[in-house]
Amino acid sequence: MKRTKIKSALSNKVIGQEICLKGWVRTRRGSKNVSFIALNDGSTINNIQVVAEGESFNEDVLKKITTGVAISVIGILVESKGGGQNVEVLAAAIEVLGEADADEYPLQPKKHSLDFLREKAHLRFRTNTFSAVFRLRHALTFAVHKFFNDKGFSNIHTPIITGADAEGAGEMFQITNLNLENIPKTDGKVDYTKDFFGSKTNLTVSGQLEAELAAMALGQVYTFGPTFRAENSNTSRHLSEFWMIEPEIAFADLDENMDLAEEFLKYCIQYCITNCADDLRFLDGRLENEEKNMKKEERSEMGLLEKLQFVIENDFVRLTYREAIDILRNSKPNKKKKFNYIIEGFGSDLQSEHERYLVEKKFKKPVIITDYPKGIKAFYMKQNEDGETVRAMDILFPQIGEIIGGSQREENLDKLVARMEEMEVDKDELWWYLETRKFGTCTHSGFGLGFERLIMFVTGMKNIRDVIPFPRTPQNADF
Ligand code: 4AD
Ligand code: MG
């Protein structure tokens, strides 16, 4: 008999039909004569209730049906007598496919902490919270591709192994197959000609530089791949391995870049609201529950669904870095020295406390900050006339902080080379990048969205480790 997915059994409600379900038991309760099994197969957050009644069910089989067990059920779909569900399955036969010894199985039918579940990352998919998060992660992946495909962008697969440090921050994981016990050296220096690729290589921190090359012919491209950063920041918003989406658009200036980014974020959020209502409703309730025990000032001002709707319906605030610094310098927390980093004036880098002040206290909306000082941004950004700032833009979200970083690119060869020299970026290594400015250069722009930060925002999860299946962070690469 062909298996019916629980999602389809619950929504199509073909009463009286015999169906076969397969899934994992969430709970079983009941008495000697009747058992109620909550069954889930991952197709939806909702469980279906399986009723096993009468003597046809061997007690030894029923005893094995505990949380986590995989079973197959054949039965009739009927209207439910109990509250809480519309339909249930009156079982005619149940087969245990895979046992899960209740004394050993780590997940019990009770609330587990997210910390505990992080240590059980191989099993946490089986909880309501994580199944919802990872269905949403999939929906967002699909929304990203759909958004760009519908606009005529081409998806480009940029290399994971590269010699370039696109961001110039030097936070790279080196790739080598040299024998670390016996490193070949010439004049005291490592001889990389003996290494696998014949040169020094690392895992990519960004696909942008390669995406720019493709944009100079295909017009509009985007990357969607893993990126790696060896920065030692153990925060709730940083991963050592994360996924990034980087569109790059020829002939677009910073304003068009910001318009695209805002439209893109709203599209992705709307896609989830339209297609993942059950999961979002569950996560909305979860967040409300989680925050019940928190102090009032620590709670979110809006529920999850309300917050998503709010972001879709409102224009993002756009202001320059100079304007942002003025607001921050005159803000209460700055004057009262409540910030850990006091804003003195032009040149200060914005810390997460400042970003949160602007987004959550001052504007209460997503904020786009443009025209940062060149000293705190990467070498490739277009230099403004003032000689001090560059055409950068960061999009800041409530609770998340920076979700997107982007810029208009410096398309003038001489200015780009001069900036690289100032910042000591190796021109010889990036000869191919410079050739785009030599041959058919043009205005172009792009940005990078941290995929996990978007998932945090949409799901309301507060730790980035809980929105990627197997997080990689300093001192941790388990699973
Ligand atoms: O601001 P970033 O470093 O920008 C770039 O990499 C550019 N090449 C993008 C471009 O213009 N094409 O990173 C972009 C985004 C950040 O805004 C943030 O959301 C995310 O990537 N991000 C991280 N997410 C998780 N863990 C980390 N360690 C992250 N570092 C950056
Ligand atoms: Mg950034």
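In case you missed it, the structure is sitting above this.
This structure is a prediction, so every number in the text was calculated from the model and none was measured.

(A) Region of the structure containing the overall build of the chain. Looking only at helices and strands, the chain has 14 helices and 18 strands in total. In the chain, which comprises 479 residues, the proportion classed as buried is 35%. Considering only residue pairs separated by 6 or more positions, the chain has 67% of its internal contacts joining residues 24 or more positions apart.

(B) Quick peek at the environment of Ile369. In this fold, Ile369 is placed in strand 15 (residues 367-373). Residues Ile369 and Glu355 lie 14 residues apart in sequence; the distance between their C-alpha atoms is 9.7 Å.

(C) Just the site of ligand 1, in detail. As a structural note, the neighbourhood of ligand 1 is formed by 22 residues, with Ser206, Gln208, Gly405, Gly448 and Gly450 the closest of them. Sorting the residues of the shell around ligand 1 by element identifies strand 13 (241-250), strand 17 (401-408), strand 18 (444-450) and helix 14 (451-459) as the ones contributing at least two each. When its residues are assigned to classes, the shell around ligand 1 shows 7 nonpolar, 9 polar and 6 charged.

(D) Expanded view of the environment of Arg28. Relative to the elements of secondary structure, Arg28 occurs in strand 1 (residues 18-30). The exposure class of Arg28 is buried, given the 21 C-beta atoms found within 10 Å. Between the alpha carbons of Arg28 and Val51 there is a distance of 9.8 Å; along the sequence they are 23 residues apart. Each residue touching Arg28, except ones within four places of it in the same chain, is listed here: Ser35, Phe36, Ile37, Ile65 and Thr66.

(E) Just the packing of helix 4 (residues 128-150) against helix 7 (residues 277-292), in detail. Where helix 4 contacts helix 7, the two axes come as close as 10 Å, and the packing angle between them is 130 degrees. Between helix 4 and helix 7, the angle is such that the two are oblique. Note that helix 4 runs across helix 7; the crossing there is left-handed. Facing helix 4, whose interface residues are Asn128, Thr129, Ala132, Arg135 and Leu136, helix 7 presents Asp279, Phe282, Leu283 and Arg286.

(F) Seen up close, the sheet that holds strand 8 (residues 174-175). Pairing in this open sheet of 3 strands is antiparallel, and the strands run 7-11-8 from one edge to the other. The strands lining the two open edges of the sheet, one partner per strand, are strand 7 (161-162) and strand 8. Sheet topology places strand 7 next to strand 11 (residues 201-203); 2 bridges connect them, and they run antiparallel. Its bridge partner being in strand 11, Ile161 is matched across the sheet by Leu203.

(G) Structural detail: the sheet that holds strand 1. In spatial order, the strands read 1-2-3-5-4; together these 5 strands close into a barrel with mixed pairing. Across the sheet, the mean angle separating the axes of adjacent strands is 55 degrees when strand polarity is ignored. In the sheet, strand 4 (residues 70-79) pairs with strand 5 (residues 87-98) via 10 bridges, with the strands oriented antiparallel. The residue bridging Ile71 from the neighbouring strand is Val96, located in strand 5.

(H) Molecular detail of the nonpolar core. In this structure, Leu136, Leu140, Cys268, Cys272, Leu454 and Val458 are the most contacted members of the largest nonpolar core, which totals 75 residues. Excluding its chain neighbours within four sequence positions, the residues that come into contact with Cys268 are Leu140, Ala143, Val144, Phe147 and Leu454. Listed in part, the 20 residues of the second largest apolar core include Ile37, Ile65, Val69 and Val89.

(I) Helix 4, seen in detail. Helix length check: helix 4, at 23 residues, gives a terminal C-alpha distance of 32 Å against a target of 33 Å (1.5 Å per residue), a fit within 8%. Within the sequence span of helix 4, burial applies to Thr129, Ala132, Val133, Arg135, Leu136, Arg137, Ala139, Leu140, Ala143, Val144, Phe147 and Phe148. Those residues of helix 4 that are buried lie in contact with strand 6 (154-155), strand 12 (220-228), strand 13, helix 6 (254-275), helix 7 and helix 14.

(J) Focus on the pairing of strand 16 (residues 389-397). Among the 9 residues of strand 16, 9 are classified as buried, and the element is accordingly described as predominantly covered. Alignment of strand 15 against strand 16, held across 6 bridges, turns out to be antiparallel. Counted as the bridge partner of Tyr372 is Val390 from strand 16. Direction of pairing for strand 16 relative to strand 17: antiparallel, over a ladder of 6 bridges. Residue Phe397 lies in a different strand from strand 17, and its bridge partner there is Gly401. As consecutive antiparallel partners, strand 16 and strand 17 are separated by 3 residues, and within that stretch Gln399 has a phi angle of approximately 65 degrees, a positive value.

Cut-offs and rules
- Residues numbered from 1 in each chain as written.
- Chains lettered and ligands numbered in written order.
- Predicted model: local features only at pLDDT ≥ 70, side-chain atom pairs only at ≥ 80, totals over all residues.
- Helix = DSSP H or I, 4+ residues; strand = E, 2+ residues; numbered from the N terminus.
- Buried ≥ 20, exposed ≤ 12 C-beta atoms within 10 Å, placed from the backbone.
- Contact = placed C-beta atoms within 7 Å.
- Near = placed C-beta within 6 Å.
- Nonpolar A, V, L, I, M, F, W, Y, C, P; charged D, E, K, R; others polar.
- Axes fitted to C-alpha atoms, helices over the stretch in contact; angles between N-to-C directions.
- Parallel < 35°, antiparallel > 145°, perpendicular 65-115°, else oblique.
- Left-handed = near helix turned anticlockwise from the far one by under 90°.
- Pairing = 2+ DSSP bridges.
- Core = buried A, V, L, I, M, F, W, Y, C linked by C-beta atoms within 7 Å.
- Expected span 1.5 Å × (residues − 1).

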